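# Structural description and commentary
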Amino acid sequence: MPEFTHYAPPATGEPITLQNGKLNVPLHPIIPFIEGDGTGPDIWRASQRVFDAAVEKAYGGKRKIAWYEVYAGEKAFNKFNEWLPEDTLKALTEYIVSIKGPLTTPVGGGIRSLNVALRQELDLYVCQRPVRYFTGVPSPVKHPEQVDMVIFRENSEDIYAGVEWQEGTPEVEKVINFLRSEMGVKKIRFPETSGIGIKPVSREGTERLVRAAIEYALQHGRKSVTLVHKGNIMKFTEGAFKNWGYELAEREYSDKAFTWAQYDRIKAAEGQEAADKAQSEAQAAGKLIVKDVIADAFLQQILTRPAEYDVIATLNLNGDYVSDALAAQVGGIGIAPGANINYVTGHAVFEATHGTAPKYADLDKVNPGSVILSGVMMFEFMGWQEAADLITNALEKAIEQKVVTYDFARLMEGATEVKTSEFGDQIINNM
Ligand SMILES: NC(=O)C1=CN([C@@H]2O[C@H](COP(=O)(O)OP(=O)(O)OC[C@H]3O[C@@H](n4cnc5c(N)ncnc54)[C@H](OP(=O)(O)O)[C@@H]3O)[C@@H](O)[C@H]2O)C=CC1
Ligand SMILES: O=C(O)CCC(=O)C(=O)O
Ligand SMILES: [Mg+2]
């Protein structure tokens, strides 16, 4: 076990371990949590009570989580003068499965995202965000029930990785000079006053993300995986993502998947009828369809034809935008869960899609649903399905009862608006 400097794990409880690629979850697993900034503390308090109640109800005391508070963000800075203490990284590494509230990232300067740093440090290369409709949730679209997608967002590269230089610095001047004098770049419109960002996208990074999406789709009987990219414009990054994704699907899943790249090749060689026939036969044989769409068209099609999309594999920044857009269709980011996962090492940090919503901090007001449903994903990941189901059903029932937080109440007729903590109580009472 690593040495911890500021905060040690609880004395009771055992670590989750990984054996032959499978998680070994003890009866009393130590699970580190980060409360989060802004609305994080309110949300975490309600969520933790819901998790403990579900585990108690499901297993009658046989199983129990040994929670281990670890620090990041403002709480860490105030206590230890560090934004992301080494103890936290050690704990998340050692105990494999953890959960966190949102952490603030300042805009245009200041510290870089701690959320991104955690994903990079633990190499959590998949950001997995399921988006489904809960009956009764107010939605801005006519058929929210048609939205049932799982986003696999690449989580370690892209413009999101934070490789950039600020306008006016000697560093940016050096980069711009290099690009212009050694690389023949003529397209920087205002070279004297530009900041520069770099967009690394690799074959390996793409393959591991697309593999995770395909594996998930096959295991869960999903119909398609769609590669979402802007490869017409960013040819060697987003375009390569599409090509590498198709190549991987054809190389590793030739007996289980049929790709639109195959379709296009058959069409070019034998005509459209033959290509349509090949795709129909693949579908009839239960094969997964791997297709692609350009990101801007995708954003309009998820509104007009959501039923055509199922599992989504996309790059980091697209995935960030798509996550919030899809969440809005099924009632907003108050109930949008997620997980950052390395499917090879088993490490997973569960977290909501939303941020710290600072204007609501400490008002006991916002919806804790996203962190609660992230906990459901965590229990499923641990194999504690009974606890997961208890929470999902109880949350569905609270919505049915129209006992909801402000975000739903303002759009629902006849709703009773409750506080964050009271919504947690309602879920517990419904178990
Ligand atoms: N993984 C993470 O930790 C993330 C961190 N962030 C960080 O959070 C900070 C704030 O970001 P911001 O862009 O304002 O985005 P937020 O997601 O924090 O908030 C945007 C809006 O979403 C709604 N919202 C957010 N959380 C909830 C909730 N729990 N229940 C109901 N509604 C909710 C509110 O809408 P309304 O105003 O309509 O009520 C809110 O004003 C930034 O520093 C950002 O970097 C952002 C995303 C993820
Ligand atoms: O790290 C942040 O502050 C924002 C991250 C974010 O928006 C996301 O992961 O969806
Ligand atoms: Mg986001």
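Use the structure listed above.
To start, this report covers the structure provided alongside it.

What counts, and at which threshold
- Residues numbered from 1 in each chain as written.
- Chains lettered and ligands numbered in written order.
- Predicted model: local features only at pLDDT ≥ 70, side-chain atom pairs only at ≥ 80, totals over all residues.
- Heavy atoms only, no water.
- Buried < 20%, exposed > 50% of the residue type's maximum accessible area, 1.4 Å probe, protein only.
- Helix = DSSP H or I, 4+ residues; strand = E, 2+ residues; numbered from the N terminus.
- Pairing = 2+ DSSP bridges.
- Near = heavy atom within 4 Å.
- Polar contact = N/O pair within 3.5 Å; in protein donor to acceptor, adjacent residues only side chain to side chain.
- Areas by Shrake-Rupley, 256 points an atom, 1.4 Å probe, with all protein chains shown as cover.
- Nonpolar A, V, L, I, M, F, W, Y, C, P; charged D, E, K, R; others polar.
- Contact = heavy atoms within 4.5 Å.
- Axes fitted to C-alpha atoms, helices over the stretch in contact; angles between N-to-C directions.
- Core = buried A, V, L, I, M, F, W, Y, C linked by side-chain atoms within 4.5 Å.
- Expected span 1.5 Å × (residues − 1).

Attention now moves to the pairing of strand β5 (residues 97–100). The alternating pattern of β5 places Val97 and Ile99 and Ser98 and Lys100 on opposite faces, both of which are buried. Bridge count for β5 against strand β15 (residues 348–351) is 4 bridges, and the pairing is parallel. Looking across to β15, one finds that Lys100 is bridged to Glu351.

Let us now look at the site of ligand 2. Thr105, Ser113, Asn115, Arg119, Arg129, Arg153, Tyr160, Asp320 and Thr353 make up every residue found near ligand 2. A distance of 2.5 Å is found between an oxygen atom of ligand 2 and a side-chain nitrogen or oxygen belonging to Ser113. Relative to its unbound accessible surface of 290 Å², ligand 2 loses 76% to contact with the protein. Looking at side-chain class alone, the shell around ligand 2 contains 1 nonpolar, 4 polar and 4 charged residues.

What follows covers the site of ligand 1. What surrounds ligand 1 is a group of 24 residues, the closest being Thr105, Gly355, Ala357, Tyr360 and Tyr406. One of the side-chain N or O atoms of Asn115 is found 2.9 Å from an oxygen atom in ligand 1. One of the side-chain nitrogen or oxygen atoms of Tyr406 is found 2.5 Å away from an oxygen atom of ligand 1. Within the complex, the protein chains bury 70% of what would otherwise be the 880 Å² of accessible surface of ligand 1. Elements with a minimum of two residues in the shell around ligand 1: α4 (114–121) and α14 (406–409).

A separate point is the side chain of Ser370. Relative to the elements of secondary structure, Ser370 occurs in helix α12 (residues 369–382). At a separation of 2.9 Å, a polar atom in the side chain of Ser370 contacts the main-chain amide nitrogen of Ala336. Setting aside its immediate chain neighbours within four residues, Ser370 contacts Ile333, Gly334, Ile335, Ala336, Pro337, Ala352 and His354.

All right, on to the sheet that holds strand β14 (residues 339–341) then. One open sheet accounts for 11 strands, arranged β4-β3-β5-β15-β14-β6-β7-β13-β10-β12-β11; its pairing is mixed. The two strands at the open ends of the sheet, each matched to only one other strand, are β4 (66–69) and β11 (257–259). Recorded for the sheet is a direction-independent mean angle of 25 degrees between the axes of neighbouring strands. Two strands pair when backbone bridges link them, and strand β10 (residues 224–229) and strand β12 (residues 288–294) are joined in this way by 6 bridges, in the parallel orientation. Pairing of Val225 across the sheet is with Val290, part of β12.

Turning next to the environment of Pro200. Along the chain, Pro200 turns up in the loop between β9 (196–197) and α6 (203–219). For the pair Pro200 and Glu238, spaced 38 residues apart in sequence, the C-alpha to C-alpha distance is 9.9 Å. Once residues within four sequence positions are removed from consideration, Pro200 is found in contact with Glu157, Asp158 and Ile159.

Another aspect to go through is the side chain of Arg208. In this structure, Arg208 sits in helix α6. Of the polar contacts made by the side chain of Arg208, one reaches the side chain of Ser156; its length is 3.2 Å. Apart from residues no more than four positions distant in its own chain, Arg208 is found in contact with Asp123, Tyr125 and Ser156.

So, on to the nonpolar core. Among the nonpolar cores identified, the biggest contains 67 residues, and Trp67, Ile99, Met378, Phe379 and Ile391 are the most heavily contacted of them. Once residues within four sequence positions are removed from consideration, Met378 is found in contact with Ile31, Trp67, Val97, Ser98, Ile99 and Phe350. Core analysis: the next-biggest nonpolar cluster, separate from the first, contains 28 residues, Leu209, Ala212, Ala217 and Trp244 among them.

Further remarks concern α12. A rise of 1.5 Å per residue sets the reference length of α12, with its 14 residues, at 20 Å; its end C-alpha atoms lie 20 Å apart and thus fit the reference within 8%. Counting buried positions along α12 gives 12 out of 14 residues, so the element sits mostly inside the fold. Within two residues after α12, Gly383 carries a phi angle of roughly 85 degrees, on the positive side.

Moving on, we get to unusual backbone geometry. The general pattern is negative phi for most residues beyond glycine and trans for most peptide bonds. Its identity is not glycine, yet Asn81 carries a phi of approximately 60 degrees, on the positive side. Inspection of the secondary structure puts Asn81 in the loop between α2 (74–80) and α3 (86–94). In this model, Ile96 sits at a positive phi of 65 degrees, which is unusual for a non-glycine residue. By the secondary structure assignment, Ile96 is in the loop between α3 and β5. Accessibility expressed as a relative area gives 8% for Ile96, which makes it buried.

What follows concerns the environment of Asp407. Within the secondary structure, Asp407 is located in helix α14. Taking relative accessible area as the criterion, Asp407 reaches 10% and is therefore assigned buried. Sequence spacing of Asp407 and Ser194 is 213 residues, and the spatial spacing of their C-alpha atoms is 40 Å. Ignoring any residue separated from it by four or fewer positions in sequence, one finds Asp407 in contact with Gly334 and Asn367. Within polar-contact distance, the side chain of Asp407 engages the side chain of Asn367 at 3.1 Å.

Everything listed is a geometric property; what it means functionally is a separate question.
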